[in-house]
Amino acid sequence: MHKGFLTIYWRDMLRFVRFRTLLFTSLVQPALWLAFFGVAMSNNFDRLTATMPAVPGVRAVGYLTFIGAGVIAMTTLFTSLFGGTVLLFDKNWGLMRETLSSPLPRIHIIVGIGLSAMTKSFIQAAVIMVFGLLLGVKFFEGYTATQVLISLIGIALFIGAFSLGFLFLSAAIAITMESPEGMQAVITLLTMPFFFTSNALYPANSFPPVLRALSTINPLTHLVSGIRYFAIGSDFSSIGIRYTYTQGEAVTSFIALLIFATIMFLIARWRFTKVTVT
Amino acid sequence: MQKGRVIIAGHDLRTEPEKVRESIGIVFQELTLDRDMTVQEILEYHGRLYSMPKSQRQARVDELLSLVELEAKRNVLTRHLSGGMKRRLEIARGLMTRPNVLFMDEPTIGLDPQTRIRIWEYVQDINRQGTTIFLTTHYMDEADQLSDYISIVDHGQIIATGKPWELKNALGQDIIYLETSDNQGASNILEGLDTVRGVRDKSKGIIVMVNVDGTHLLPEIMEKLQKRGIKIRVVNLKKPSMDDVFVHYTGRELRDTGTEKTVVVKPGGR
């Protein structure tokens with residue numbers, strides 16, 4: 001098998017670790033989200049919901065724990081959506097000519113860059129989790145070591161499928177666009193609906209019907225639910241609302257993410273066949 | 001590809017594009033080096049793109065860095081290299097996979113004379129080692145010095161092909177430039193001579209291409225013109241250069257419009 005995608009992966013990771021600033025900010029930024037937004041909102045919500053009766057018979061978790069999963073998902077979304085930008089720069093600076101004029105099948109460029117975005121997402125998720133646990137996020141509470149391990153694998157699978165999907169989308173945009181400014185604008189525009197129609201920061205149950213429908217087809221919702229399923233449990237309550245999420249629903253979410261990634265891959269592949277070098 | 005057929009190193013571009021890609025190397029006109037990678041990584045990356053095994057890659061990197069004299073810069077980011085060094089690195093990259101055919105698009109553009117000469121030496125070295133080189137250039141002296149075959153391309157069409165001396169000989173043995181009191185009259189008189197191959201008008205004077213040794217013909221010509229009452233103001237005699245060849249075929253002075261190009265071909269030994 002041609003291992004060309006590993007070459008693309010190697011180069012992208014090389015640049016990722018080479019630029020200390022980039023590495024540092026990409027790790028610190030999500031931690032700051034959790035530290036500032038998470039702690040501030042958590043205090044507010046916990047005070048507002050202090051008078052509400054707890055849902056009997058289920059474990060109640062604080063807001064910080066609730067949005068812990070949301071922050072991981074959000075970071076994965078941003079990293080993956082911006083992950084394709086490197087392709088736009090490569091294209092504009094003529095660097096891509098070398099790659100495109102080589103015998104490397106173009107599909108390897110997409111796969112290689114996808115794997116590197118996935119790796120970055122894993123690293124970030126791990127950092128947020130460790131940082132979150134220090135801040136008081138109650139992930140994996142009462143789990144045995146085996147359960148923690150299984151949960152981590154489950155979370156990794158969800159993050160992996162999700163990050164690939166959005167990276168492919170990002171790659172397709174990058175290869176189609178001409179200017180970095182344009183790409184920035186398109187991606188910023190895209191993040192809004194994905195982010196705010198998801199259940200990352202607040203429960204989606206009380207959305208008006210249209211938003212709720214959007215939330216159901218939003219990949220970010222599926223990722224967040226998946227992470228919560230593995231990190232918190234299948235039945236818990238937070239800010240006075242009960243969440244249940246069965247194993248079957250988790251599997252459905254994962255399949256949804258896989259389908260999303262596949263569609264995005266096909267779109268990216270199609271956009272790449274259109275690229276010509278001059 | 002719009003029409004026609006391309007065969008490189010025995011492979012048809014239409015049916016075996018992958019094979020063609022494997023047998024060619026390209027040095028692009030603009031610099032295409034990742035600023036954020038080191039010299040060694042640039043070559044490594046290229047070797048990996050062509051699935052070269054690791055041991056071969058390493059040996060080749062050492063060999064090429066010494067060829068283009070960049071050993072000392074091995075672990076330096078390319079953003080810190082000078083223009084000439086970047087160009088040399090790109091040439092090394094083009095050679096990484098030992099291509100049968102190397103395309104170089106104006107490799108010496110914008111370089112200082114020393115670096116230019118150095119790059120010429122590499123090109124000749126590589127050629128001796130068996131790589132066929134297609135080199136495009138606007139510098140006629142470069143074409144003249146380096147090439148075995150030259151094609152002059154004008155508006156996308158090849159308008160002349162030949163060995164450098166063949167192209168130059170087509171213009172005659174010598175070229176005489178004259179400015180006279182009556183250029184038109186002089187031109188009419190000279191065109192009638194057997195020893196004159198052709199006369200062309202310039203803005204202030206005329207160019208006379210001659211079939212024989214110009215040093216002997218020139219006094220004869222001057223005498224003839226003076227007899228007819230034509231005064232000669234300026235005289236110049238020279239051997240035809242590639243610049244003259246270019247002007248002769250394209251009908252205009254060299255300028256960088258991007259429509260004309262000289263393709264130099266150096267067939268490799270193997």
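With an unreviewed UniProt entry as reference, chain A is termed Multidrug ABC transporter permease, source organism Methanosarcina spelaei. Annotation of chain A in UniProt includes, under Subcellular location (unreviewed entry), the sentence "Membrane".

Before going further, it helps to spend a moment on the overall build of chain A. If you tally the helices and strands in chain A, you get eleven helices and three strands. What you see in chain A, going N to C, is helices and strands ordered as α-α-β-α-α-α-α-α-α-α-α-β-β-α. In terms of overall dimensions, chain A is globule-like: its C-alpha atoms have a radius of gyration of 20 Å, near the 19 Å expected for 278 residues. If you line up chain A on its principal axes, its C-alpha atoms span 65 × 40 × 35 Å. When the 278 residues of chain A are sorted by exposure, 51% land in the buried category. Taking the contacts inside chain A whose residues are at least 6 apart along the sequence as the reference set, 81% of them involve residues at least 24 apart. On chain A, roughly 12700 Å² of surface is accessible, and the fraction owed to carbon and sulfur atoms is 71%.

All names here are of chain A. Pairing within the open sheet is mixed, and its three strands lie in the order β1-β2-β3. Since the sheet does not close on itself, it has two edges, and those belong to β1 (59-61) and β3 (241-244), each with one partner. Taken over all neighbouring pairs, the strand axes of this sheet differ in orientation by 35° on average, direction set aside. Sheet topology note: the β1/strand β2 (residues 235-238) ladder contains three bridges and is parallel. Across the sheet, the residue bridging to V61 is S238, located in β2.

The next point concerns the interface of chain B and chain A. Size of an interface: often given as the accessible area lost when the parts come together. Chain B puts 24 residues into the contact, and the matching count from chain A is 21 residues. Both faces combined, the contact of chain B with chain A buries some 2200 Å², and carbon together with sulfur accounts for 56% of it. The largest share of the area that chain B buries against chain A comes from B:Y45, B:R48 and B:L49, three residues that together contribute 31% of it. Put simply, A:R15 and B:D34 hold a salt bridge, and the shortest N to O gap is 2.7 Å. Connecting chain B to chain A are nine residue pairs in polar contact (both at pLDDT 80 or more). Listing elements by their share of the side of chain B that touches chain A, those giving two or more residues are α1 (17-23) and α2 (39-49) of chain B.

For the rest of this paragraph, the subject is unusual backbone geometry. Residue and element names in this part refer to chain B. Positive phi outside glycine occurs at S51, with the angle close to 50°. With respect to the helices, strands and loops of the structure, S51 is situated in the loop between α2 and α3 (54-67). You can call S51 partly exposed: its relative accessible area is 47%. One non-glycine residue, E106, lies in the positive phi region at around 45°. With respect to the secondary-structure elements, E106 resides in the loop between β4 (101-105) and α5 (113-128). Overall, the relative accessible area of 5% leaves E106 in the buried class.

Definitions and limits used
Residues numbered from 1 in each chain as written. Chains lettered and ligands numbered in written order. Predicted model: local features only at pLDDT ≥ 70, side-chain atom pairs only at ≥ 80, totals over all residues. Heavy atoms only, no water. UniProt positions renumbered as here; feature names shortened; annotations may be inferred. Helix = DSSP H or I, 4+ residues; strand = E, 2+ residues; numbered from the N terminus. Rg over C-alpha atoms; globule rule 2.2 N^0.38 Å. Buried < 20%, exposed > 50% of the residue type's maximum accessible area, 1.4 Å probe, protein only. Contact = heavy atoms within 4.5 Å. Areas by Shrake-Rupley, 256 points an atom, 1.4 Å probe, with all protein chains shown as cover. Pairing = 2+ DSSP bridges. Axes fitted to C-alpha atoms, helices over the stretch in contact; angles between N-to-C directions. Buried area = accessible area lost by both parts, 1.4 Å probe. Salt bridge = Lys/Arg side-chain N within 4 Å of Asp/Glu carboxyl O. Polar contact = N/O pair within 3.5 Å; in protein donor to acceptor, adjacent residues only side chain to side chain.

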